[in-house]
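# Breakdown of the fold
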Amino acid sequence: MKMVVANMKMNLLNNQIIDYINEIDKFNFDKNVIICPSNIYIPYFLNKKYDVGIQNVFFEDKGAFTGEVSCSQIKSQNIDKIIIGHSERRNIFGETDEIVNKKIKKILSNNLSPILCVGENIDDYQNQKTNIKIANQLTESLKDINNVSKLIIAYEPVWSIGTGNIPTISELEKVVKFINDYLIKHFNTKVPILYGGSVDEENIQKIKNIKNLSGVLIGSSSLNPDTLNKIVRYLND
Ligand code: PGA
């Protein structure tokens with residue numbers, strides 16, 4: 001089964017979340033569907049057939065860090081997967097590769113799984129700098145890390161997130177290969193690679209054929225249970 005990470009971002013109110021859970025409970029999803037709701041709703045999603053992830057973490061263990069959540073707290077809820085370095089965290093909240101690196105170290109030392117988001121912005125894309133950008137992000141984010149066996153990478157071109165535009169399938173295949181080759185060269189291993197950015201129930205039919213792609217990370221398409229279900233089904237057809 002291929003993986004579908006549902007990044008719900010800061011969406012839905014309490015009663016909508018309850019309806020949402022009632023809907024997705026009908027679909028028989030397994031642990032390859034990873035729902036990442038707002039932190040406030042996480043307990044509602046626990047102990048289901050699908051998996052639950054979290055949209056962010058802080059790199060300290062505990063203490064006076066108002067508004068933050070630690071890896072040990074995540075572990076204590078039996079959550080394993082953590083989205084890290086999403087472009088919204090980078091662009092709106094000023095998260096640098098150095099911060100991302102600290103977070104990944106903490107996540108891996110807790111034996112949890114980071115879903116590291118990398119991707120170029122529109123200028124990089126137009127100037128054919130996609131590979132350079134991704135290599136830089138990987139080098140900085142994975143600095144001083146030896147074991148990446150729990151790592152998952154989500155390739156998310158910034159210009160594709162929430163815009164309805166996606167790279168061509170051949171562009172995507174090249175980037176997936178580039179990331180694979182990078183990890184083999186530097187870590188002598190392969191890790192799951194996901195694509196994220198405007199995935200919907202139509203383009204998934206093409207995306208699913210990309211060689212060596214382990215799944216998708218979806219934002220707005222995850223907010224509609226039927227669309228989410230279709231994406232899960234089509235991806236695994
Ligand atoms: P989108 O978001 O599917 O709404 O483009 C993807 C993401 O932000 O990861």
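Structure shown above.
Everything in this summary refers to the structure shown in the same document. (Residues numbered from 1 in each chain as written. Predicted model: local features only at pLDDT ≥ 70, side-chain atom pairs only at ≥ 80, totals over all residues. Heavy atoms only, no water.)

### Brief notes about the site of the ligand
Around the ligand, the surrounding shell consists of K9, H86, E156, I161, G162, G197, S198, L217, I218, G219 and S220. Measuring from an oxygen atom of the ligand, one finds a backbone N or O atom of G162 at 2.7 Å. S198 is positioned with one of its backbone polar atoms (N or O) 2.8 Å from an oxygen atom of the ligand. In the complex, the protein chains occlude 98% of the 280 Å² of accessible area that the ligand would expose alone. Class assignment of the residues belonging to the shell around the ligand gives a composition of three nonpolar, six polar and two charged. (Near = heavy atom within 4 Å. Polar contact = N/O pair within 3.5 Å; in protein donor to acceptor, adjacent residues only side chain to side chain. Areas by Shrake-Rupley, 256 points an atom, 1.4 Å probe, with all protein chains shown as cover. Nonpolar A, V, L, I, M, F, W, Y, C, P; charged D, E, K, R; others polar.)

### What to know about helix α7 (residues 130-141)
Residue pairs three or four apart in sequence face the same way in an α-helix, which turns once every 3.6 residues. With 12 residues, α7 ought to run about 16 Å at 1.5 Å a step, and its terminal C-alpha atoms sit 16 Å apart, in line with that. When α7 is considered as a whole, its buried residues turn out to be T130, I134, A135, Q137, L138 and S141. On an axial view of α7, the arc spanned by its buried residues comes to 165°, and they lie on one face. Taken together, the buried residues of α7 touch α4 (87-93), α5 (97-109), β5 (113-118), α6 (122-126), β6 (152-155) and α8 (169-187). (Helix = DSSP H or I, 4+ residues; strand = E, 2+ residues; numbered from the N terminus. Expected span 1.5 Å × (residues − 1). Buried < 20%, exposed > 50% of the residue type's maximum accessible area, 1.4 Å probe, protein only. Arc of directions from axis to C-beta. Contact = heavy atoms within 4.5 Å.)

### What to know about the pairing of strand β4 (residues 81-84)
Side-chain alternation along β4 places K81 and I83 on one buried face and I82 and I84 on a second face that is also buried. In this region the chain leaves strand β3 (residues 51-54), passes through helix α3 (residues 71-76) and returns to the parallel neighbour β4; the handedness of that crossover is right-handed. As defined by bridge partners, β4 adjoins β5 across four bridges and the pair is classed as parallel. Counted as the bridge partner of I83 is I115 from β5. (Right-handed = clockwise from strand over helix to strand, strands pointing away. Pairing = 2+ DSSP bridges.)

### Quick word on unusual backbone geometry
Backbone geometry at S198 places phi at a positive 55°, although glycine is not the residue there. On the secondary structure map, S198 appears in the loop between β7 (193-196) and α9 (204-207). Owing to a relative accessible area of 18%, S198 belongs among the buried residues under this scheme. A positive phi is found at N212, a non-glycine position, where the angle reads about 65°.

### Some remarks on the packing of aromatic side chains
Per the counting criterion, the structure on display carries seven aromatic pairs. Between F27 and F29, the aromatic rings sit 5.5 Å apart at their centres with planes inclined by 40°, giving tilted as the arrangement. Aromatic ring contacts, followed pair by pair, group F58, F59 and F65 into a single cluster. One cation-aromatic arrangement involves R89 over F93; the distance from NZ or CZ to the ring centre is 4.2 Å. (Phe/Tyr/Trp six-rings, centres within 6.5 Å; stacked < 30°, edge-to-face > 60°. Lys NZ or Arg CZ within 6 Å of the ring centre and 35° of its normal.)

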